[in-house]
Structure formats: structure tokens, C-alpha cells
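Here is how the chains run, residue by residue.
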Amino acid sequence: MNPVVIALCVGMLTVAALCALLRVAKGPTMLDRVVALDVVVATVVIGLCVEAAANRHATTLPVIVVLALVGFVGSVSVARYAAKESDEERGRR
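Residues numbered from 1 in each chain as written. Predicted model: local features only at pLDDT ≥ 70, side-chain atom pairs only at ≥ 80, totals over all residues. Heavy atoms only, no water.

A. Local environment of the overall build of the chain. On a plain count of helices and strands, the chain comes out with three helices and zero strands. Tracing the chain from N to C terminus, the helices and strands come up as α-α-α. Dimensions of the chain, computed from the C-alpha atoms along their principal axes, are close to 60 × 25 × 15 Å. In the chain, which comprises 93 residues, the share counted as buried stands at 15%. Within the chain, residue pairs in contact and separated by at least 24 positions form 43% of the contacts whose partners lie at least 6 positions apart. Taken as a whole, the chain presents about 6700 Å² of accessible surface, with 72% of it coming from carbon and sulfur. Counting 9 positive and 7 negative side-chain charges, the chain places the centres of these two groups 3 Å from one another. (Helix = DSSP H or I, 4+ residues; strand = E, 2+ residues; numbered from the N terminus. Buried < 20%, exposed > 50% of the residue type's maximum accessible area, 1.4 Å probe, protein only. Contact = heavy atoms within 4.5 Å. Areas by Shrake-Rupley, 256 points an atom, 1.4 Å probe, with all protein chains shown as cover. Lys, Arg positive; Asp, Glu negative; His and termini not counted. Charge placed at Lys NZ, Arg CZ, Asp CG, Glu CD.)

B. Representation of helix H2 (residues 30–55). With 26 residues, H2 extends 38 Å between its outermost C-alpha atoms, agreeing within 8% with the 38 Å of an ideal straight helix rising 1.5 Å per residue. Burial in H2 covers these residues: Ala36, Val40, Thr43, Val45, Val50 and Ala52. Phi turns positive, to about 55 degrees, at Arg56, one or two residues after H2. (Expected span 1.5 Å × (residues − 1).)

C. Representation of unusual backbone geometry in the model. Even without being glycine, Arg56 reaches a positive phi, approximately 55 degrees. One can find Arg56 in the loop between H2 and helix H3 (61–92). For Arg56, a relative accessible area of 70% corresponds to the exposed category.

D. Focus on the packing of helix H1 (residues 3–26) against H2. Remark: H1 packs on H2, axes separated minimally by 8 Å, with the N-to-C direction vectors making an angle of 165 degrees. Here H2 runs roughly antiparallel to H1, going by the angle between their axes. Here H1 runs over H2; the crossing is left-handed. Contacts between H1 and H2 pair Ile6, Cys9, Leu13, Ala16, Ala17, Ala20, Leu21, Arg23, Val24, Ala25 and Lys26 from the former with Asp32, Arg33, Ala36, Leu37, Val39, Val40, Thr43, Ile46, Gly47, Val50 and Ala54 from the latter. For the contact of H1 with H2, a count of residues per class yields 16 nonpolar, two polar and four charged. (Axes fitted to C-alpha atoms, helices over the stretch in contact; angles between N-to-C directions. Parallel < 35°, antiparallel > 145°, perpendicular 65-115°, else oblique. Left-handed = near helix turned anticlockwise from the far one by under 90°. Nonpolar A, V, L, I, M, F, W, Y, C, P; charged D, E, K, R; others polar.)

Shown next, in the form of C-alpha cells:
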């Protein structure tokens, strides 16, 4: 791959990860923090994909798949927990 394209991809991914980490630190609610952490995981997955494409190998493919699954399962778990919590709060009113 072209080194300029790789540098551009790495730069954009770095900015995205830093913005997401800022949201993790400042996020007013738990759901904001969870979404930001999901963005961080997605950014890491994309970064690994760029690295694999730049070096023309597929040895990181299992790591990419596992990270994507962990991010998905984590997000779904927190969403289910938040939905149950909001249902309980509605029942109290």
C-alpha cells in the first residue's frame, strides 16, 4: 500500500480513538461510556485491519474476529442490562 494512505489512515484512527477516550472520561451516563468504549474497540479492530493490509498478511485475522465479537457481546450485554434497569425504574413510578 501507499505509505501516504497508511499514514492518513493511522492519523484518522488516532483522532477517532482520542475523541472516543475523551467521551469515556467525560461521558455523563454509563451508556455514553459504553458506546465510546465500543468505538475504541472498533478503532482497534480497524487499525489491525490496516496493519494486515499494509503488511499483506492474514495472521492477525483471528485477533480481529475475537475483538469484534467481544465488542459486540459487551455492547449487547450492557444494552440488555440498561433496558432491564429502565424497566424497573418505570415500574417504580
